[in-house]
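Spelled out from the first residue to the last, the chains are:
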Amino acid sequence: MSMLTPPGMGGQYRITGDKYPRMRRPRRRGRLVLMTVASVTVLGVLGWGTLQLIDVFTGDGGKASAAGPKADCGTKVSPSPTVRAAALPKPGRITVNVLNATPVSGLAKKTADELEKRGFKIGEVGNATKEYDKKVKGAGVLLGPPSALDTSLPVLATQLTGAERRTDPGRKGDEVDLIIGSGFKKLTTKADADKALAALAKPEPTPAASKKSC
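Residues numbered from 1 in each chain as written. Predicted model: local features only at pLDDT ≥ 70, side-chain atom pairs only at ≥ 80, totals over all residues. Heavy atoms only, no water.

Identification of the protein as LytR C-terminal domain-containing protein from Streptomyces fuscus is taken from an unreviewed UniProt entry.

K.L.:
Is there a simple way to explain the side chain of R118 in this structure?
P.N.:
Residue placement: R118 occurs in the loop between α3 (107-117) and β3 (121-127). Take R118: its relative accessible area is 16%, and that puts it in the buried class. A polar atom in the side chain of R118 sits 2.9 Å from the side chain of Q159. When sequence neighbours within four positions are dropped, the list of residues in contact with R118 reads P91, Q159, L187, T188, T189, K190 and A193. (Helix = DSSP H or I, 4+ residues; strand = E, 2+ residues; numbered from the N terminus. Buried < 20%, exposed > 50% of the residue type's maximum accessible area, 1.4 Å probe, protein only. Polar contact = N/O pair within 3.5 Å; in protein donor to acceptor, adjacent residues only side chain to side chain. Contact = heavy atoms within 4.5 Å.)

K.L.:
Got a minute to help me understand the pattern of salt bridges in this structure?
P.N.:
Enumeration over the complete set of coordinates arrives at six salt bridges. Across the pair K134 and D133 runs a salt bridge whose closest N-O atoms are separated by 3.5 Å. By relative accessible area, K134 is classed as exposed at 51%. A relative accessible area of 27% means that D133 is categorised as partly exposed. Between E164 and R166 there is a salt bridge whose closest N-O contact spans 2.9 Å. Overall, E164 belongs to the partly exposed group, its relative accessible area being 39%. (Salt bridge = Lys/Arg side-chain N within 4 Å of Asp/Glu carboxyl O.)

K.L.:
Got a minute to help me understand the pairing of strand β5 (residues 164-167) in this structure?
P.N.:
Taken residue by residue, a regular strand's side chains alternate between the two faces of the sheet. As paired elements, strand β4 (residues 140-144) and β5 share four bridges and run parallel to each other. What sits directly across from V141, in β5, is E164. Of the crossover connections in this fold, the one passing from β4 over helix α4 (residues 152-157) to the parallel β5 is right-handed. (Pairing = 2+ DSSP bridges. Right-handed = clockwise from strand over helix to strand, strands pointing away.)

K.L.:
What's the story with the pairing of strand β2 (residues 95-100) in this structure? I'm lost.
P.N.:
With five of six residues buried, β2 lies mostly within the body of the structure. Bridge count between β2 and β3: five bridges; the pairing is parallel. Counterpart to T95 in the pairing with β3 is K121. With respect to chirality, the unit in which β2 leads through α3 into the neighbouring parallel β3 is right-handed. In this structure, β2 lies alongside strand β6 (residues 176-180), joined through five bridges in parallel fashion. When the bridges of β6 are listed, N100 appears paired with I180.

Have a look at this one:
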């Protein structure tokens, strides 16, 4: 019997040899899981730190990327002068025919004299044609060729507030008509007409968007 065999044990339980049997500890899966979790945590911390550095050096960081490229610091609205298609004529270059469409006599002559004092050239003075005679309900109608719509008619309109502007496609020349209607009282006062002319000659600038420098 070997010295390694406990007393009372023999046969198949006898231990032979001169070395004790080595007992291995069972492998623990928990250690492997712990190491995996630790590795993932370290990688996450490193990634978060990298993003923070990018934010420091780029400003808005992820927000800027999500929103796309920045505009040039926004836009600023600044006034710019209105560009006129054609220069407005002076009253002295406008020939006005003064026509009376009311039953009140003498209105055409009186109105023509006042317009002449204000610098307008006077053409025909008399009664309106059948097309307009006693058919103009408002203060009056300003009539001219299509070319006068943005030139002579706006200038003449400063003299009679509320007058309707019309164009005749078949009309030739550059003369315009002032047809006095039943609602006519008198011409706009000279002071108000002069102010309207000044505003017409120098319109207020219209806002225009321009880029603001950074």
